[in-house]
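Architecture at a glance
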Amino acid sequence: MKDNSFIFITFADINHSYSMRTLHILTTLLITLFATNATMAQDDRRYDEGVSRELAEWRKATIDSVHYRLHFDLVANRGRATLSFNLAAPEEVIIDFRNTDLVVNVSAAHRLHNEHIIIAKEATRAGENSVEIIFKVDNQSLNRRDDFLYTLLVPDRARTLFPSFDQPDIKAIHQLSLTIPAEWVAVSNTSVRSVIDNGETKTILFDPTEPLSTYLFSFVAGKLYSTTYDDGNHRFTAYYRETDPKRLAQLDDIFKEVAASLEWLEEYTGIDYPFAKYDFVMLPGFQYGGMEHTGATLYNDAQMFLGENATLEERLRRTQLIAHETAHMWFGDYVTMRWFDDVWCKEVFANYFAARMAEPLYPTVNHQLNRLKTYTQAAYNEDRTLGATPISQSLDNLRNAGLIYGQTIYNKAPIVMDKIVELMGEEAFRRGMQEYLTTYAYGNASWDEIIAILDRHTDADLKTFSRLWVKRPRMPNIISFNGLVANLGNNRTQSFDCLAIYEDDTKKVVDVTIDIANPYAIEDAELIIPNIDGRGYGFFLLDRKQREWMMENMTTIDDDLMRESLVIMLNECYELSEFFKHKLSSRRWLDFLLGYIPSERNFLVGSTLGGFIAQPMLDVGTAKDEERLLYIANTHSDRSLARNLKLTLARTMRSERIIEHYYDKWLNLSDAELNESDYMTIAYELAVRLPERYDFILSTQLERITNPDRRAQFAFIIRGAHPDQAVRDELFASLMEPANRRPEPWTASLLALLNHHTRQADAVEYIYPALEELQEVQRTGDIFFPRNWVGSLLAGHSSKRALREVNRFLKDNPDYPVLLWKKIRQATWHLHRAYPTRR
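Bear in mind the structure is a predicted one, so any value in this text is a computation, not a measurement.

**A word on the overall build of the protein chain**
Across its full length, the protein chain holds 34 helices and 27 strands. Expressed as lengths along the three principal axes of its C-alpha atoms, the size of the protein chain is roughly 105 × 70 × 65 Å. In the protein chain, which comprises 839 residues, the share counted as buried stands at 61%. Once local pairs closer than 6 in sequence are excluded, the contacts in the protein chain between residues at least 24 apart make up 71%. In the protein chain, which carries 94 positive and 118 negative side-chain charges, the distance between the mean positions of the two groups comes to 3 Å.

Shown next, in the form of structure tokens:
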């Protein structure tokens, strides 16, 4: 049992000669002290579980010059952390460590309380202090597999791995040493200083880091291959587990894109790369696309090593992923937010600049169109829901920081940043960014401090703009009827182009600026088509006449950007049609998509259309519609788009003939346009629909996969397609144990198969218990996993019963955490859309 006070006396120490009266007095004293401690912890938020804002602010004011010396024996699973820090005066010190039951020894008088190691004031002094803590290492914090492991500590996971001051504004020097099996390699934020051969193991000492927030500390160890790139200007090493020569041939492209991103950022910011080295590690089943650890950036290998016949969209996504993580070296690592309520600041700059960095590498792509496709539609998917949030959200405790992440900060925020740049001008914005980086180098800054700097470089009122666009949720509603373009019920100023069509069929492009007080009048216009350049953000309420003009004239519009903007607006009308009188039905939308896609020649626009077609296919699609989509996929002139359409049909098919067609295609590997990952996807879909062939599909696909990590992935996920309901029930029950939920991306795919739309009647019983587990999923999982958990759970459901189960859970839990409530409401949008009376 762990001690909970600074009283170093136990009942075993009491001399039996003491009188009962003395014993009673001591007992009363102990009870009083325990009660005092409990009251203190209850009233003082510093002692809460996690890292409260009060604790973070208090520590920032009292502690500085932090240095961590860390050793992890990854064979014996033991760790040692030596924390050095300065205090202005003797002071109680609260160290974060969630796994206090794993503490073996602490070198100073202390107590363990609410995920903290609390060092007694009497054990500290003014000036430099040092505490050594010995602990057992938790495998969950190491993301351990059979022959490799890695750390991923964002946003507050450092405290699950080692004792620390786990808050972003206490930056520290980290010096790491690792003991690992002799045949393993290790990568960390800095270069290797020395290696000691211990026989079956080895101990590696790394150089000290630059000042880093704890969430940026990282190491990877295991059986890894490596390739080093050196072009005379840059030298960095890639580590990976991929074995396919065709995929490995992409390393040259990857290296060049990393180098291009570094050069672009150095030139734009005027600051050389601010860290000791730039290496990166590509891992199977990694939870995110990438994570910006300095000197050891981690990537999901499936997003870096692309399959054969990779589409333009896949290549662009990889380029922007590399650029995004590289931008973080300046925006997020070099200068870091003070508190995770401003985590969006680092993400908005990374995404905003990533889009710009991609432009010179793809000179033939319409990048304004690509930004519209990449950011706007993804932002709408969250911003239209009952779970919509502002870009900047309040955060009381870092244990909830992961719930702030979502489409709003990754995709709506760059749209808002575009509007800020439009207000300021490119050069003024650049000067502001350079001042921001030099002012807060190796330090921390809040969004308000960023805005204060940008405000000095423009006459625009950025503070008011920020209050309206950053601090408020949801998208504006915009009308364009009867010769007026106007906001409804909001005063967010924005500009965009409209197409005015007059009675004689003449047309004119009008640049419109609107806010709540100033609608824009376009006199004598018979019809207004809004936002043809995609600069506007919001729900554009289109009446039937506007929608029909768009759909009937789409093939006559030469401007790719305009077509992209129109189809996105039409899709929003479809998504929100149940909530206003100008309804765009599933049948009408599906007929338009099937009729128009064959004539679309721009891959990015076509990809958008292909992404929109799945939902109406599931809503109202018939065997005839499936045949029609198959014909389009087989005959479309853009074969990359055709490949996307084939996979969309594989996920939505219900007719027996189409299912057998895909089975034959999969069995004979007869479609050269599909790659190994595509055939794995088709195998999952066939295994669900053809239960009598499940075992054959499983064994055949496993034999085809040569890479051991992809074999493990397939074997893990396909279990969700098992034909026996009892086996699926047992599998679902096993997911209630955190140890069975790793790797998390594989688990999300597994849960989606368990809740496949063709089996939703059997799977509806999973909804309530899976929602009951959501808080534990948040506590034990990484930042995107709670949203992925509920998304995978609910995406395949379309019944009233499913919505009733969700509503029953929320009714039974009236005090449910707001941020998790929002994740659930985001994931149930399609159900609220289908049954609007339940909204």
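Here the narrative resumes.
**Comments concerning helix α14 (residues 462-469)**
Turning to α14, its buried residues number three or more, namely Leu 462, Phe 465, Ser 466, Leu 468 and Trp 469. Down the axis of α14, the sector holding all buried residues measures 170 degrees, keeping them to one side. Among the structural elements, α11 (407-424), α13 (447-455) and β23 (494-501) are those in contact with the buried residues of α14.

**Some details on the sheet that holds strand β7 (residues 127-136)**
Pairing within the open sheet is mixed, and its seven strands lie in the order β4-β7-β2-β1-β9-β12-β11. Whereas interior strands pair on both sides, the edge strands pair on one side only; in this sheet they are β4 (103-106) and β11 (192-197). Taking each pair of neighbouring strands and ignoring which way they run, the sheet shows an average axis angle of 15 degrees. Taken together, the 10 bridges between strand β2 (residues 78-87) and β7 define a ladder with antiparallel strand orientation. In the sheet register, Thr 82 faces β7, and the bridge partner there is Glu 132. Strands in contact with helix α2 (residues 53-62) are β1 (63-73) and β2; relative to β1, the strand with the most contacts, it is inclined by about 105 degrees.

**Concerning the side chain of Thr 376**
Inspection of the secondary structure assignment puts Thr 376 in helix α10 (residues 367-383). With relative accessibility at 5%, the residue Thr 376 sits in the buried group.

**Focus: the packing of aromatic side chains**
Following the criterion strictly, the structure yields 58 aromatic pairs and no others. Aromatic pair Tyr 273 and Trp 330: ring centres 5.9 Å apart, planes at 65 degrees, arrangement edge-to-face. With Tyr 273 in the loop between α6 (251-269) and β16 (280-283) and Trp 330 in the loop between α8 (312-327) and β19 (335-337), this pair connects stretches of sequence that are 57 residues apart. Considered together, Tyr 273 and Trp 330 belong to a single accessibility category, that of buried residues. Relative to Phe 353, the ring of Phe 331 has its centre 4.9 Å away and its plane inclined at 25 degrees; by these criteria the two rings are stacked. You can see Phe 331 sitting in the loop between α8 and β19 and its partner Phe 353 sitting in helix α9 (residues 343-358), a full 22 residues away along the chain. The exposure class of Phe 331 is buried, given its relative accessible area of 1%. Here the aromatic residues Tyr 229, Phe 236, Phe 255, Tyr 273, Phe 275, Tyr 278, Phe 280, Tyr 299, Trp 330, Tyr 334 and Tyr 442 are joined through ring pairs into a cluster of three or more.

**Brief notes about the side chain of Arg 241**
Relative to the helices and strands, Arg 241 is located in the loop between β15 (235-240) and α5 (245-248). Arg 241 gets classed as buried once you look at its relative accessible area, which sits at 9%. There is a polar contact of 2.9 Å between the side chain of Arg 241 and the backbone oxygen of Lys 223. Within polar-contact distance, the side chain of Arg 241 engages the side chain of Asp 709 at 3.0 Å. Non-local contacts of Arg 241, meaning those with residues more than four positions away in its chain, are made with Asp 147, Phe 148, Lys 223, Leu 224, Tyr 225, Met 282, Pro 284, Asn 707 and Asp 709.

**Focus on the sheet that holds strand β14 (residues 225-230)**
With mixed pairing, five strands are arranged side by side in an open sheet as β14-β15-β16-β18-β17. Each end of this open sheet is capped by a strand with a single partner; those strands are β14 and β17 (290-291). Of the pairings in the sheet, the one linking β15 to β16 comprises three bridges and is parallel in character. Bridged to Ala 238 within β16 is Phe 280. The sheet contacts of α8 involve β17 and β18 (297-300), and relative to β18 the element is tilted by about 155 degrees.

**Comments concerning the state of the cysteines**
What the rule picks out here adds up to zero disulfides. Free of any disulfide, Cys 498 has its nearest neighbouring cysteine sulfur in Cys 573, separated by 14 Å. Owing to a relative accessible area of 0%, Cys 498 belongs among the buried residues under this scheme.

**Details of the pattern of salt bridges**
Applying the stated criterion to the full structure yields 60 salt bridges. Among the ionic pairs, Glu 49 bridges to Arg 399, the shortest N-O distance being 3.5 Å. Highlighted residues: Glu 49 in the loop between α1 (20-43) and α2 and Arg 399 in the loop between α10 and α11, separated in sequence by 350 residues. Residue Glu 49 is classed as partly exposed on the basis of its relative accessible area, which comes to 36%. Overall, the relative accessible area of 40% leaves Arg 399 in the partly exposed class. One salt bridge in this structure joins Arg 741 and Glu 773, with 3.0 Å as the shortest N-O distance. Within this pair, whereas Arg 741 is found in the loop between α26 (725-734) and α27 (744-754), its partner Glu 773 is found in the loop between α29 (767-772) and α30 (774-780), the two being separated by 32 residues in sequence. Residue classification places Glu 773 among the buried residues on the basis of a relative accessible area of 13%.

**Details of the pairing of β11**
Burial analysis of β11 places just zero of its six residues in the buried class, which makes it a mostly uncovered element. The pairing of β11 with strand β12 (residues 201-206) spans five bridges and is antiparallel. Counted as the bridge partner of Ile 196 is Thr 203 from β12.

**Regarding the pairing of β7**
Bridge count for β4 against β7 is three bridges, and the pairing is antiparallel. Bridge assignment links Val 103 to a residue of β7, and that residue is Phe 135.

**Considerations on helix α20 (residues 623-635)**
Helical periodicity: at 3.6 residues per turn, an α-helix aligns residues three or four positions apart in one direction. Between its terminal C-alpha atoms α20 stretches 18 Å, which fits the 18 Å expected from 13 residues at 1.5 Å a residue. Residues of α20 that are buried in the fold lie against α17 (586-596), α19 (614-620), α21 (639-652) and α22 (656-668).

Scoring rules and cut-offs
Per chain, the residues get numbers from 1 upward, laid out in the order the sequence is written. Local features are withheld for residues below a pLDDT of 70 in this predicted model, meaning they are given only at 70 or higher, and side-chain atom pairs are given and counted only at 80 or more; totals for whole chains, interfaces and linings count all residues. Side-chain metrics rest on all non-hydrogen atoms present in the structure, leaving aside hydrogens and water. In this text, helices come from DSSP runs of H or I with a minimum length of four residues, and strands from runs of E with a minimum of two, each type numbered from the N-terminal end. Exposure categories follow from relative accessible area, calculated using a 1.4 Å probe and restricted to protein chains: below 20% of the type maximum is buried, above 50% is exposed, and the middle band is partly exposed. In this analysis, two residues are considered to be in contact whenever any of their non-hydrogen atoms come within 4.5 Å of each other. Here Asp and Glu are counted as negative and Lys and Arg as positive; His is not counted, and neither are the chain ends. Positions of charges follow a simple convention, taking NZ of Lys, CZ of Arg, CG of Asp or CD of Glu. To be clear, the arc concerns the directions from the helix axis to the C-beta atoms. Being paired, for any two strands, means DSSP has found at least two bridges between them. Fitting a line to C-alpha atoms yields each axis, with helices limited to the stretch in contact; the angle taken between N-to-C directions then spans 0 to 180 degrees. Note on aromatic contacts: the rings of Phe and Tyr and the six-membered ring of Trp form a pair at centre separations within 6.5 Å, being stacked when their planes are under 30 degrees apart, edge-to-face when over 60 apart, and tilted otherwise. Within 3.5 Å is the distance limit for a polar contact, defined as a pair of N or O atoms, with the added protein rule that one can donate a hydrogen and the other accept it, and that residues adjacent in sequence qualify only through two side-chain atoms. Sulfur atoms of two cysteines make up a disulfide when they are within 2.5 Å. Whenever Lys or Arg places a side-chain nitrogen within 4 Å of a carboxyl oxygen from Asp or Glu, that contact is recorded as a salt bridge. An expected span of 1.5 Å times one less than the residue number is assigned to each helix.

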